[in-house]
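Chain and residue survey
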Amino acid sequence: MKRKFIVTIARQYGSGGLMIAKQLSDTLNIPFYDKTLLQIAAKKSGLGENFFEKADEDKNFLTSGMFADVFNTNPISDDLLFKIQSDIIRQIAQRESAIFVGRCTDYILREHPNCISIFIYADKKDKIKRISLKNNISQKEAEKLIGHKDKERAKYYNYYTQKIWGAAESYNLCVDSSILGIDETSSLIRYFIEKKLK
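Residues numbered from 1 in each chain as written. Predicted model: local features only at pLDDT ≥ 70, side-chain atom pairs only at ≥ 80, totals over all residues. Heavy atoms only, no water.

Turning our eyes to something else, we now look at the overall build of the protein chain. A tally of helices and strands in the protein chain yields nine helices and five strands. Per-residue burial over the protein chain gives 46% buried out of 198 residues. Contacts in the protein chain between residues far apart in sequence, at least 24 positions, make up 67% of those at least 6 positions apart. Accessible surface, the protein chain as shown: approximately 11200 Å² in total, 50% of it carbon and sulfur. (Helix = DSSP H or I, 4+ residues; strand = E, 2+ residues; numbered from the N terminus. Buried < 20%, exposed > 50% of the residue type's maximum accessible area, 1.4 Å probe, protein only. Contact = heavy atoms within 4.5 Å. Areas by Shrake-Rupley, 256 points an atom, 1.4 Å probe, with all protein chains shown as cover.)

This brings us to a nonpolar patch on the surface. A surface patch of nonpolar side chains, amounting to about 270 Å² of accessible area, comprises I179, L180 and L188. Position of I179 among the secondary structure elements: in helix α9 (residues 177-197). By relative accessible area, which is 66% here, I179 ends up exposed. (Patch = residues over 30% accessible without salt bridge, like charges linked within 9 Å, V, L, I, M, F, W, Y side chains within 5 Å. Salt bridge = Lys/Arg side-chain N within 4 Å of Asp/Glu carboxyl O.)

I6, L37, I92, F100, C104, L109 and W165 are the most contacted members of the largest nonpolar core, which has 24 residues in total. Among the elements of the structure, β1 (6-11), α2 (36-45), α5 (78-95), β3 (98-101), β4 (115-121) and α8 (139-161) are those that each provide at least two residues to this core. Take this core: its biggest share by element is six residues, from α5. With residues near it in sequence (within four places) discarded, L109 still touches I6, I89, R90, A93, F100 and C115. Grouped together as the second largest cluster of nonpolar side chains are 19 residues, V7, V175, I189 and I193 included. (Core = buried A, V, L, I, M, F, W, Y, C linked by side-chain atoms within 4.5 Å.)

The interhelical angle for the contact between helix α7 (residues 124-135) and α8, taken along N-to-C directions, is 105°, at an axis separation of 8 Å. Between α7 and α8, the angle falls in the class roughly perpendicular. Counting all contacts with α7, which are made through K124, K127, I128, I131, S132 and N135, the residues of α8 involved are Q139, A142, E143, L145, I146 and D150. Residue composition of the contact of α7 with α8, by class: five nonpolar, three polar and four charged. (Axes fitted to C-alpha atoms, helices over the stretch in contact; angles between N-to-C directions. Parallel < 35°, antiparallel > 145°, perpendicular 65-115°, else oblique. Nonpolar A, V, L, I, M, F, W, Y, C, P; charged D, E, K, R; others polar.)

In the structure shown here, the tally under the stated rule is eight salt bridges. For the salt bridge of D150 with K127, the shortest nitrogen-to-oxygen distance reads 3.9 Å. Pair noted here: D150 is in helix α8 and K127 is in helix α7, with a separation of 23 residues, a long-range link. In terms of burial, D150 and K127 fall into one category: buried.

Here we take up the pairing of β4. For β4, the buried fraction is high: six of the seven residues fall into the buried class. Looking at chain direction, β1 and β4 are connected through six bridges and run parallel. In the strand pairing of β4, T8 is matched with S117. With four bridges joining them, β4 and strand β5 (residues 173-176) adopt parallel strand pairing. In the strand pairing of β5, I118 is matched with L173. (Pairing = 2+ DSSP bridges.)

Set out below in structure tokens:
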């Protein structure tokens, strides 16, 4: 595919969305951006990468006063962090074809002429098993972690987009990765992308 295009992937925690994004990146031969956006944002803003990582993990970090105590200044707002990341996402999308994982990219790039937005979800048992193995924790702990992560993702997305995280009308394609597995779900999404771009 010669023309520039963007794929955005939102996903439930434990659905395998990041693995699917990596596979699509390899097969489509385009870069994918996840936490690397935090590194780029840190470099461009002049703030430390550790700060961006902490802010990404803990949405209350920026406004808790901890940042102000450490740097003897007013706390940077969540909204400013969102703007910094949004600007970087738009710059990358203007420059090249890419895959973006999370961070409301379907909304940020909603006016891009060749943006395909995907939402990946999975069966609860599959998610618990995947997270339990990945983090070496009990299934009960995995279930709790999944609930917490998805709640945070929904809260973040709903706040900045005024849409509903995971609602079908917010995306071009919603797919259950439990049905086909990671490899075939990746193949299905690639087929969908190619068809949509024609």
